[in-house]
Amino acid sequence: MSMIRAEYLTFSYPESYDNIFEDACFQIDTDWKLGFVGRNGRGKTTLLKLLLGEYEYSGKITSSVQFDYFPYPVSDKSRMTEEILQEICPAAEEWELMRELSCLGVNADVLWRNFETLSEGERTKVLLAAKRCPHI
């Protein structure tokens, strides 16, 4: 069991006078399945970016696990989906990607379509399949 701990986490954007987080203390067991839900502008993405080390803050964040942002950014959506997935998880075999897509209820033919032709739901599931591949 690993823990993610924040101790007296304080953060505000440089152009703001208000803190997004002020002396926040919490711990999260990495065995938990956890989701953050809230209205826009309440700090969900900011917290993730703090955990990723993208912003400077005061206080302390400790963790023995690595963080990843999802969904993965796709810069050129005109490329074939299979090519994009091979870039995200280069060691994954085609059959592994097909298995993960099947588990998510997506037909494997999406691999040979341009990513931009997929619906938003298909795009999310395709990127989730890449995340689930054992070689990431």
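This text follows the structure it describes.
Reading the values: the criteria
Residues numbered from 1 in each chain as written. Predicted model: local features only at pLDDT ≥ 70, side-chain atom pairs only at ≥ 80, totals over all residues. Heavy atoms only, no water. Pairing = 2+ DSSP bridges. Helix = DSSP H or I, 4+ residues; strand = E, 2+ residues; numbered from the N terminus. Axes fitted to C-alpha atoms, helices over the stretch in contact; angles between N-to-C directions. Contact = heavy atoms within 4.5 Å. Salt bridge = Lys/Arg side-chain N within 4 Å of Asp/Glu carboxyl O. Buried < 20%, exposed > 50% of the residue type's maximum accessible area, 1.4 Å probe, protein only. Core = buried A, V, L, I, M, F, W, Y, C linked by side-chain atoms within 4.5 Å. Arc of directions from axis to C-beta.

(A) Just the pairing of strand 1 (residues 3-11), in detail. Sheet topology places strand 1 next to strand 2 (residues 21-29); six bridges connect them, and they run antiparallel. Residue pairing across strands places Met3 opposite Asp29, the latter belonging to strand 2. One ladder, built from five bridges, connects strand 1 with strand 3 (residues 58-63); its direction is antiparallel. Its bridge partner being in strand 3, Arg5 is matched across the sheet by Thr62.

(B) Looking closely at the sheet that holds strand 1. In spatial order, the strands read 2-1-3; together these three strands make up an open sheet with antiparallel pairing. Looking along the sheet, the strands with just one partner apiece sit at the ends: strand 2 and strand 3. Looking at each pair of strands side by side, their axes are set apart by 10° on average, direction ignored. Along the sheet face, helix 1 (residues 44-51) touches strand 1, strand 2 and strand 3 and points at about 110° away from the line of strand 1.

(C) Examining the pattern of salt bridges more closely. Counted under the stated rule, the structure contains five salt bridges. A salt bridge links Glu100 to Arg99; the shortest N-O distance between them is 3.1 Å. The partly exposed category is assigned to Arg99, whose relative accessible area is 33%. Salt bridges here are not isolated pairs; linked through shared partners, they connect Arg79, Glu83 and Glu87.

(D) Local environment of the nonpolar core. One finds Leu85, Cys89, Leu97, Leu101, Val110, Phe115 and Val126 to be the most contacted residues of the largest nonpolar core, which totals 19 residues. Listed by contribution, the elements that provide at least two residues to this core are helix 2 (81-88), helix 3 (94-103) and helix 4 (120-132). Looking at this core element by element, the count peaks at four residues for helix 4. Excluding residues within four positions of it along the chain, Phe115 makes contact with Val74, Lys77, Arg79, Thr81, Ile84, Arg123, Val126 and Leu127.

(E) Structural view of helix 2. Among the residues making up helix 2, those that are buried are Thr81, Ile84 and Leu85. Buried residues of helix 2 fall within an arc of 95° about the axis and therefore sit on the same side. Along its buried surface, helix 2 packs onto helix 3 and helix 4.

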